[in-house]
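For reference, the chains in residue letters:
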Amino acid sequence: MGASHARAYHRMPDFMIAGLVSRGEASRRKLNSELGGGYEEFSDYEQALARVKPDAVCISTYSDTHADYAVMAMEAGAHVFLEKPIADTLADAERVIAAARRTKRALVVGYILQVHPTWTKFTEIARTLGTPLVMRMNLNQQSAGEAWGTHKQLLRTTSPIVDCGVHYVDVMCRMTGARPIRVNGIGARLADDIRVGQINYGHLQVTFDDGSVGWYEAGWGPMMSETAFFVKDVIGPKGSVSIVAQRATRSGRSADIESHTSVEALRIHHAALAADGSFARADEVVGVDDEPDHDELCRREQQVFLEAIRGVDLEPHWQSALDSLRIVLAADQSFREGRTVTL
């Protein structure tokens, strides 16, 4: 994510990269070379802040450092773009938002689906299907080699349903416009080379106060199936809408980041019946005119960040980030305590 965001800043005339920070020297130098080799490099974040005194900071680290790094940046006078989730606890998430209010700095959390035009359309159509909604979503990733190594690093601080789930429960909240009230979670440890107590598969169920329900499933690792790894489906009294991503699912590319936001079409089904009991309307397949790749989505996120710096009310954005984090953390709690969590 950090590399994709750096490419965006490099291409945008309203930003100028002041420095690249990473503890991994090889990856840092590789990115700098890709961007022309002209940027100052740092291995220590705090030293970089003190030396460069940036106007803005983009944080794309593991989630256990998000809160401290974001607060440090804002207290140093910088606006912050922060990768999701905002933190790994609600208390830290609230601390980050409190710092943004106190310092009057822009804080934008990287919910990439919010800038995807077809996901926006998907949400709009879901809102026309009546109440309650049934929302079914997953993103499983079969990984090996370097990708499995990255996943194991992520698992040290978060579970799959927390790390990726915030995106999809955020979409569910936007589709229903309702408040989440109950969460159930299950999980499993499917690998011997991860720590005891860590889970690399999880599933959450959330109930909303309008009767809507949703589930989200995520698993990482070499054992994961490539069958039905990408399900994005919403059902209401008036019909259903589904994301069609057949190329991604047929090709077995669940570990490919480009497939995670892939949308080839939206399929709309109408539930209305004719007098003879048959369907009154045929299904519609809505094609995708604007299908941005991952780097372009990151550029659009940075455009949102730029507008926020120039002056946008971010309170609804912060509340959305808190709500989605609250749901996925409750799912993790539900699994570990073996009970339904009431929000």
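Overview of the structure. Since the structure is predicted, the reported quantities are computational estimates derived from the model, not experimental observations. (Residues numbered from 1 in each chain as written. Predicted model: local features only at pLDDT ≥ 70, side-chain atom pairs only at ≥ 80, totals over all residues. Heavy atoms only, no water.)

1. Comments concerning the pattern of salt bridges
Quick reminder of the rule: One side-chain nitrogen of Lys or Arg within 4 Å of one carboxyl oxygen of Asp or Glu is enough to make a salt bridge. Put simply, DSSP marks the helices as runs of H or I at least four residues long and the strands as runs of E at least two long, and each gets a number from the N terminus on. Here's how the labels work: a residue is buried when its accessible area is under 20% of the maximum for its type, exposed when over 50%, partly exposed in between, all with a 1.4 Å probe on protein chains only.
For the structure shown, the criterion picks out 22 salt bridges. The salt bridge involving arginine 267 is made with aspartate 283; its shortest N-O contact spans 3.3 Å. Note that arginine 267 is positioned in strand S13 (residues 265–270) and aspartate 283 in the loop between S13 and strand S14 (284–287), a separation of 16 residues in sequence. The class of arginine 267 is partly exposed, set by a relative accessible area of 41%. Given the relative accessible area of 33%, aspartate 283 is considered partly exposed. Residue arginine 281 pairs with glutamate 284 through a salt bridge whose shortest N-O separation is 3.0 Å. Each of Arg7, Glu34 and Asp295 takes part in one network of salt bridges that share partners.

2. Describing the environment of alanine 245
With respect to the helices and strands, alanine 245 occurs in the loop between strand S12 (239–244) and helix H10 (246–251). Through-space distance from the C-alpha of alanine 245 to that of leucine 266 is 8.9 Å; in sequence the pair is 21 residues apart.

3. Observations concerning unusual backbone geometry
That bond from lysine 84 to proline 85 is cis: its omega, -10°, falls within 30 degrees of zero. Along the chain, proline 85 turns up in the loop between strand S4 (79–83) and helix H5 (90–103). Positioned with a positive phi, lysine 53 is a non-glycine residue whose angle comes to about 50°. Relative to the elements of secondary structure, lysine 53 occurs in the loop between helix H3 (45–52) and strand S3 (56–59). The backbone phi angle of lysine 104 is positive, close to 55°, even though this residue is not glycine. Locating lysine 104 in the fold gives a position in the loop between H5 and strand S5 (107–110).

4. Thoughts on helix H12 (residues 294–311)
In an α-helix, one turn spans 3.6 residues; hence positions three or four apart end up facing the same way. Put simply, the rule is: Here the expected span of a helix is defined as 1.5 Å times the quantity of residues minus one. Polar contact criterion, stated in full: a pair of N or O atoms within 3.5 Å, where within protein one must be able to donate a hydrogen and the other to accept it, and residues adjacent in sequence count only if both atoms are side-chain atoms.
With 18 residues, H12 extends 26 Å from end C-alpha to end C-alpha; this agrees with the ideal 26 Å at 1.5 Å per step. Residues of H12 that are buried include every one of His294, Glu296, Leu297, Cys298, Glu301, Gln302, Phe305, Leu306 and Ala308, and no others. Two or three places before aspartate 295, at the opening of H12, aspartate 293 has a side-chain oxygen 3.3 Å from that residue's backbone nitrogen.

5. Focus on a nonpolar patch on the surface
For clarity, the cut-off: Like charges are joined within 9 Å and nonpolar side chains (Val, Leu, Ile, Met, Phe, Trp, Tyr) within 5 Å, but only among residues with over 30% relative accessible area and no salt bridge; these make up the patches. Only the protein chains shown count as cover for residues, and the accessible areas themselves come from Shrake-Rupley with a 1.4 Å probe.
A cluster of nonpolar side chains, contributed by Val134, Val213 and Ile235, occupies part of the molecular surface with about 180 Å² of accessible area. The exposure class of valine 213 is partly exposed, given its relative accessible area of 33%.

6. Quick notes on the nonpolar core
What counts here: For this analysis, a nonpolar core means a set of buried residues of the types Ala, Val, Leu, Ile, Met, Phe, Trp, Tyr and Cys, connected via side-chain atoms within 4.5 Å. Whether two residues are in contact is decided by their heavy atoms: any pair within 4.5 Å suffices.
In terms of nonpolar packing, the biggest core is built from 93 residues, with Leu107, Tyr216 and Val234 touching the most fellow members. For this core, the leading source of residues is helix H13 (residues 315–337), giving eight residues. Once residues within four sequence positions are removed from consideration, valine 234 is found in contact with Phe122, Ala126, Leu129, Leu133, Val134, Met135, Met137, Met175, Gly239, Ser240 and Val241.

7. Focus on the sheet that holds S5
Threshold: For two strands to be treated as a pair, DSSP must find at least two bridges joining them. Inter-axis angles, ranging from 0 to 180 degrees, are taken between N-to-C directions of lines fitted to C-alpha atoms, where helices are fitted over the stretch in contact.
Here we have three strands laid out as an open sheet, ordered S3-S4-S5, and parallel in their pairing. A strand with exactly one partner marks an edge of an open sheet, and here the two such strands are S3 and S5. With direction set aside, neighbouring strand axes in the sheet form an average angle of 15°. In terms of strand pairing, S4 meets S5 through four bridges, oriented parallel. Bridge pairing links phenylalanine 81 to valine 108 in S5.

8. Brief notes about the packing of helix H1 (residues 2–11) against H12
The geometry of a pair of packed helices is captured by two quantities: the angle between their axes and the separation between those axes. In plain terms, the rule: Handedness of a crossing is defined here by the sense of rotation of the near helix relative to the far one, left-handed for an anticlockwise turn of less than a right angle and right-handed for a clockwise turn. Gly is placed with the polar residues, together with every amino acid not listed as nonpolar (Ala, Val, Leu, Ile, Met, Phe, Trp, Tyr, Cys and Pro) or charged (Asp, Glu, Lys and Arg).
It is the contact of H1 with H12, at a shortest axis distance of 8 Å, that shows an interaxial angle of 65°. Judged by the twist between their axes, the crossing of H1 over H12 is right-handed. Across the interface between the two elements, Ser4, His5, Arg7, Ala8, Tyr9 and Arg11 of H1 pack against His294, Asp295, Glu296, Cys298, Arg299, Glu301, Gln302 and Phe305 of H12. For the contact of H1 with H12, the class distribution of residues is four nonpolar, four polar and six charged.

9. Quick word on the state of the cysteines
This is how it is decided: Put simply, a disulfide is two cysteine sulfurs that come within 2.5 Å.
With the rule as written, the count across this model stands at zero disulfides. Lacking any disulfide linkage, cysteine 173 is separated from the closest cysteine sulfur, that of cysteine 164, by 17 Å.

10. So, the pairing of S13
Both S12 and S13 contribute to a ladder of six bridges, which runs antiparallel. Bridged to serine 242 within S13 is arginine 267. Here S13 runs beside S14; their pairing, made up of four bridges, is antiparallel. If you follow isoleucine 268 over to S14, its bridge partner there is glutamate 284.

11. Section: the packing of aromatic side chains
Here is the rule: Classification of ring pairs rests on two measures: the distance between centres of Phe, Tyr or Trp rings, Trp counted by its six-membered ring, which must be within 6.5 Å, and the angle between planes, read as stacked under 30 degrees, edge-to-face over 60 and tilted in between. Consider the ring centre and the ring normal. A charge sits over the ring if Lys NZ or Arg CZ is within 6 Å of that centre and within 35 degrees of that normal.
In the structure shown here, the tally under the stated rule is seven aromatic pairs. Here phenylalanine 15 and phenylalanine 305 contribute two aromatic rings whose centre-to-centre distance is 6.2 Å and whose plane-to-plane angle is 15°, an arrangement assigned as stacked. Here phenylalanine 305 lies in helix H12 and phenylalanine 15 lies in the loop between H1 and strand S1 (20–21), a separation of 290 residues in the sequence. Look at phenylalanine 15 and you get buried, because its relative accessible area is 16%. Judged by relative accessible area, which is 0%, phenylalanine 305 ranks as buried. Pairing tryptophan 119 with tyrosine 168 gives two aromatic rings, centres 5.8 Å apart and planes at 55°, and the pair type is tilted. Placement of tryptophan 119 in helix H6 (residues 117–126) and of tyrosine 168 in helix H9 (residues 165–176) is noted, with a sequence separation of 49 residues between them. Taken individually, tryptophan 119 and tyrosine 168 each receive the classification buried, so the pair is uniform in this respect. Among the aromatic residues, those joined into a ring-pair cluster are Tyr9, Phe15, Phe81 and Phe305. The residue whose ring lies beneath lysine 232 is phenylalanine 230, and the NZ or CZ to ring-centre distance is 3.7 Å.

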